[in-house]
Amino acid sequence: MLSERRLQVLRAIVQDYVGTEEPVGSKALTERHSLGVSPATVRNDMAALEDEGYIAQPHTSAGRIPTDKGYRLFVDKLAGVKPMTGPERKAIQNFLDGAVDLDDVVGRTVRLLAQLTRQVAVVQYPSLTRSTVRHVELLSLAPARVMLVLITDTGRVEQRMVDCPAPFGESSLADLRARLNSRIAGRRFADVPQLVQDLPEAFEAEDRGTVTTVLSTLMETLVEETEERLMIGGTANLTRFGHDFPLTIRPILEALEEQVVLLKLLGEAGDSGMTVRIGHENAYEGLNSTSVVSVGYGSGGEAVAKLGVVGPTRMDYPGTMGAVRAVARYVGQILAES
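Keep in mind that this is a model prediction, so the values were computed, not measured.

What counts, and at which threshold
Residues numbered from 1 in each chain as written. Predicted model: local features only at pLDDT ≥ 70, side-chain atom pairs only at ≥ 80, totals over all residues. Heavy atoms only, no water. Helix = DSSP H or I, 4+ residues; strand = E, 2+ residues; numbered from the N terminus. Buried < 20%, exposed > 50% of the residue type's maximum accessible area, 1.4 Å probe, protein only. Pairing = 2+ DSSP bridges. Axes fitted to C-alpha atoms, helices over the stretch in contact; angles between N-to-C directions. Contact = heavy atoms within 4.5 Å. Expected span 1.5 Å × (residues − 1). Phe/Tyr/Trp six-rings, centres within 6.5 Å; stacked < 30°, edge-to-face > 60°. Lys NZ or Arg CZ within 6 Å of the ring centre and 35° of its normal. Salt bridge = Lys/Arg side-chain N within 4 Å of Asp/Glu carboxyl O.

1. Structural notes on unusual backbone geometry
Line of reasoning, step 1. One non-glycine residue, Glu21, adopts positive backbone phi at about 65°.
Line of reasoning, step 2. Tracing the backbone through its elements, the reader meets Glu21 in the loop between α1 (4-20) and α2 (26-32).
Line of reasoning, step 3. Classification of Glu21 as partly exposed rests on a relative accessible area of 37%.
Line of reasoning, step 4. Positive phi outside glycine occurs at Arg118, with the angle close to 55°.
Line of reasoning, step 5. A relative accessible area of 47% places Arg118 in the partly exposed class.

See the structure below:
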């Protein structure tokens, strides 16, 4: 265990390095921070922190910079989440409140996160596997043609055309709509097949083929839409951090193009807690010089997806964690109200 004073020295090194982008020396630390000890004592503390792998010397003449292990201790023990100010929260709310549909909510969230943190923002669309059915609408377009509209609790809307095997009257369509909604509204996607399997039997023999066709289209919609979707923004922000990436930003850009990599980085959507992955904690090699801050969002107490940012390990962790958490909270409120 590090002594309280050495923890204070580590905190000061992280704060200075994040703020100045320059390796930090003992003299600068004692001048900038009231550590209450001499530069010589701070030098000893820094030597001990270096021996234990919390800081490193990038080149011989320089001061010290935090390692992944140093940032990890900073995030776990020394950094609180910096709350957003009142005006910042109001600005977030105003920007997101203008959204007209789910695509717009996700698009605005990506832009907002990238602007607030000046890093790369990644937002996962609400996962339909964790969604519930809000309503199913059936509209007659022609005697044997129906439009099926599926609306989820997260505001997602899916439309499909159904070509029926025989003409289907308005009264039969209204009956199917009512029976369908009474069975599946408010229920999870995963439960739907079981809930509707005997529904065709409730109709006259001549209508059963059409009911079965409509239900098949509904099932296909549920299955198709379980594929995870992401939106990414602010990639240009990486160019501001050129010197933070030892070789080039190319491996990071390649990783950001891999949807599977990004989904793994964000973590399990059902886990709503804040996750911070630093440097080599990211399994994907191209992202070893980055940190990822993510959190779940959703309506009610349950997370339906994740959002987060990717940036250099030299990151303002308290500010980034505060921004990510605040945005997730507002997006959750919008989904709940939509």
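2. Things to note about the sheet that holds strand β3 (residues 120-124)
Line of reasoning, step 1. An order of β7-β3-β10-β9-β8 is seen for the 5 strands of this open sheet, with the pairing classed as antiparallel. Taken across any chain shown, the strands that pair with only one partner, and hence form the sheet edges, are β7 (230-233) and β8 (275-278). Between one strand axis and the next, the sheet turns by 15° as a mean value, whatever way the strands run.
Line of reasoning, step 2. In the sheet, β3 pairs with strand β10 (residues 305-312) via 4 bridges, with the strands oriented antiparallel. Within β10, the residue paired with Val123 across the bridge is Leu307.

3. Regarding the side chain of Asn181
Line of reasoning, step 1. With respect to the helices and strands, the residue Asn181 is situated in helix α7 (residues 170-184).
Line of reasoning, step 2. Since its relative accessible area comes to 13%, Asn181 is described here as buried.
Line of reasoning, step 3. In this structure Asn181 touches His135 and Val136, once residues within four positions along its chain are discounted.

4. Comments concerning the sheet that holds strand β5 (residues 145-152)
Line of reasoning, step 1. Read across the sheet, 3 strands follow the order β4-β5-β6 without closing on themselves; strand pairing throughout is antiparallel. Of all strands in the sheet, those with a lone pairing partner are β4 (133-142) and β6 (157-163), marking the two edges. Going across the sheet, the axis of each strand differs from the next one's by a mean of 20°, ignoring polarity.
Line of reasoning, step 2. Sheet strands touched by α7: β4 and β5. Its angle to β4, the strand with the most contacts, is close to 170°.

5. Observations regarding α1
Line of reasoning, step 1. Between its first and last C-alpha atoms α1 spans 24 Å; for 17 residues at 1.5 Å apiece the expected length is 24 Å, and the two agree.
Line of reasoning, step 2. Every buried residue of α1 is accounted for by Leu7, Val9, Leu10, Ala12, Ile13, Val14, Asp16, Tyr17 and Val18.
Line of reasoning, step 3. The elements touched by buried residues of α1 are α2, α3 (39-51), β1 (55-56), β2 (65-66) and α4 (68-78).
Line of reasoning, step 4. Glu21, located one to two residues past α1, shows a positive phi value of around 65°.

6. Observations concerning the pairing of β10
Line of reasoning, step 1. Most of β10 is tucked away: 8 of the 8 residues are buried.
Line of reasoning, step 2. Alignment of strand β9 (residues 290-297) against β10, held across 8 bridges, turns out to be antiparallel. Residue pairing across strands places Val292 opposite Val310, the latter belonging to β10.

7. Structural notes on the packing of aromatic side chains
Line of reasoning, step 1. In total, this model carries 1 aromatic pair according to the counting rule given.
Line of reasoning, step 2. Taking the centre distance of 5.6 Å and the plane angle of 50° together, the rings of Tyr71 and Tyr317 count as tilted. With a gap of 246 residues between them, Tyr71 in helix α4 and Tyr317 in helix α12 (residues 317-337) connect regions that are remote in the sequence.
Line of reasoning, step 3. The exposure class of Tyr71 is buried, given its relative accessible area of 2%.
Line of reasoning, step 4. Between the NZ or CZ atom of Arg179 and the centre of the ring of Phe203, over which it lies, the distance is 5.5 Å.

8. Quick notes on the environment of Gly308
Line of reasoning, step 1. As for its placement among the helices and strands, Gly308 is situated in strand β10.
Line of reasoning, step 2. Residues Gly308 and Leu113, 195 residues apart in the sequence, show an inter-C-alpha distance of 7.9 Å.
Line of reasoning, step 3. Apart from the residues lying within four places of it in its own chain, the contact partners of Gly308 are Leu113, Val120, Ala121, Val122, Leu266, Val293, Ser294 and Val324.

9. Overview of the side chain of Thr117
Line of reasoning, step 1. Position of Thr117 among the secondary structure elements: in helix α6 (residues 102-117).
Line of reasoning, step 2. Look past the residues within four positions of Thr117 in its chain and what remains in contact with it is Val309, Thr320 and Ala323.

10. Considerations on the pattern of salt bridges
Line of reasoning, step 1. By the definition in use, this model includes 16 salt bridges.
Line of reasoning, step 2. Arg229 serves as the salt-bridge partner of Asp103, at 3.7 Å between the closest nitrogen and oxygen. Residue Asp103 is located in helix α6, and its partner Arg229 is located in the loop between α9 (205-224) and β7; the two are separated by 126 residues in the primary sequence.
Line of reasoning, step 3. Relative accessible area serves as the criterion here: at 41%, Asp103 is assigned to the partly exposed category.
Line of reasoning, step 4. Residue class for Arg229 comes out partly exposed when judged on its relative accessible area of 33%.
Line of reasoning, step 5. Close ionic contact of Glu137 with Arg177 constitutes a salt bridge, the shortest N to O distance being 2.7 Å. Separated by 40 residues along the polypeptide, Glu137 in strand β4 and Arg177 in helix α7 bring together distant segments of the chain.
Line of reasoning, step 6. In this structure, a network of salt bridges that share partners links the residues Arg5, Arg6 and Asp45.

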